[in-house]
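Chain by chain, the residues:
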Amino acid sequence: MSTIYNIIVFIHIFSAILGMGPGFVLTTVVKSGNTMTELRHSYMIRHKLHIFVMIGGIFLLLTGLAMGYLNPSLFRMGWYVTSLVLFLAALAMGPLVLSPRSKPIKALLESHKGEAIPEEYWRLSKVLFRYENMENVIFLIIISLMILKPF
């Protein structure tokens, strides 16, 4: 059983690197666009990186729960339960908070003519990026809890 658990821990850590790593740069990637063409290209790259984030996130959740299944004492540890609750909250932010704020940006990118980035984009992206940064802070807290196991 120890070997299976160690394999799951390995997959969990690997998933965190492959999934969360790109997640921390999603906002930065699109901040580099200075024209609509560059901005559209940046969002295309962002979309491709987001696929890694989604796959890594699924594996993180599954392996985290598998570790709890194999070692039920984890469910009595505050750092584990807190991490799980925070992770589920961060996952829920995608469809409930981030998606509704990214749809107008996607529509603007598709419909806007010309190379100048409209002021509306800056207003919309500022709100989206604020929530994305909040989500990144949640992930940093989770990572800290996983490393330190403070309670």
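Everything quoted here is computed from the prediction, not taken from an experiment. (Residues numbered from 1 in each chain as written. Predicted model: local features only at pLDDT ≥ 70, side-chain atom pairs only at ≥ 80, totals over all residues. Heavy atoms only, no water.)

Undergrad: I'd like a rundown of the nonpolar core, residues and numbers included.
TA: Among the nonpolar cores identified, the biggest contains 13 residues, and Leu39, Tyr43, Ile105, Leu109, Tyr121 and Phe129 are the most heavily contacted of them. Residues in contact with Phe129, not counting those within four places in the same chain, are Thr27, Val30, Lys31, Tyr43, Arg46 and Tyr121. Core analysis: the second largest hydrophobic core is formed by nine residues, Phe87, Met93, Val97 and Ile138 among them. (Core = buried A, V, L, I, M, F, W, Y, C linked by side-chain atoms within 4.5 Å. Buried < 20%, exposed > 50% of the residue type's maximum accessible area, 1.4 Å probe, protein only. Contact = heavy atoms within 4.5 Å.)

Undergrad: So what's going on with the packing of helix 3 (residues 36-70) against helix 5 (residues 119-148)? Residues and values would help.
TA: One can describe the packing of helix 3 onto helix 5 by two numbers: an axis separation of 15 Å at closest approach and a directional angle of 25°. Classed by the angle they form, the pair helix 3 and helix 5 counts as roughly parallel. When the axes of helix 3 and helix 5 are compared, the crossing they make is left-handed. Within the contact between the two elements, helix 3 uses Leu39, Tyr43 and Arg46 and helix 5 uses Tyr121, Leu128, Phe129 and Glu132. (Axes fitted to C-alpha atoms, helices over the stretch in contact; angles between N-to-C directions. Helix = DSSP H or I, 4+ residues; strand = E, 2+ residues; numbered from the N terminus. Parallel < 35°, antiparallel > 145°, perpendicular 65-115°, else oblique. Left-handed = near helix turned anticlockwise from the far one by under 90°.)

Undergrad: Which residues make up the side chain of Glu135, and what values do they have?
TA: Inspection of the secondary structure puts Glu135 in helix 5. For the buried residue Glu135, which engages in no salt bridge, the nearest side chain bearing the opposite charge is Arg46, 8.1 Å off. Ignoring sequence-local partners within four residues, the contact set of Glu135 consists of Ala90, Leu91, Met93 and Leu98. (Lys, Arg positive; Asp, Glu negative; His and termini not counted. Salt bridge = Lys/Arg side-chain N within 4 Å of Asp/Glu carboxyl O.)

Undergrad: Summarise the pattern of salt bridges; cite the residues concerned and give the values.
TA: For the structure on display, the rule yields two salt bridges. For Arg123, the salt bridge is made with Glu120, and the minimal N-O distance between the two is 3.9 Å. Taken as a pair, Arg123 and Glu120 lie in helix 5 at a separation of three residues, close to a single helical turn. Residue classification places Glu120 among the partly exposed residues on the basis of a relative accessible area of 41%.

Undergrad: Talk me through the packing of helix 1 (residues 2-23) against helix 3; I want residue IDs and the actual numbers.
TA: At a minimum axis distance of 7 Å, the contact between helix 1 and helix 3 shows a crossing angle of 150°. Overall, the two elements helix 1 and helix 3 adopt an arrangement that is roughly antiparallel. Helix 3 is crossed by helix 1, and the crossing has left-handed handedness. Per-class residue counts for the contact of helix 1 with helix 3 are 17 nonpolar, seven polar and no charged. (Nonpolar A, V, L, I, M, F, W, Y, C, P; charged D, E, K, R; others polar.)

Undergrad: Mind laying out the packing of aromatic side chains, listing which residues take part and the relevant values?
TA: The tally for this structure, following the rule as stated, stands at six aromatic pairs. Where Trp79 meets Tyr80, the ring centres are 6.0 Å apart and the plane angle is 90°; that geometry is what we call edge-to-face. Consider the rings of Tyr121 and Trp122, whose centres lie 5.1 Å apart with planes at 70°: the pair is edge-to-face. Using a relative accessible area of 1% as the deciding quantity, one classes Tyr121 as buried. One aromatic cluster in this structure is built from Tyr43, Tyr121 and Trp122. (Phe/Tyr/Trp six-rings, centres within 6.5 Å; stacked < 30°, edge-to-face > 60°.)

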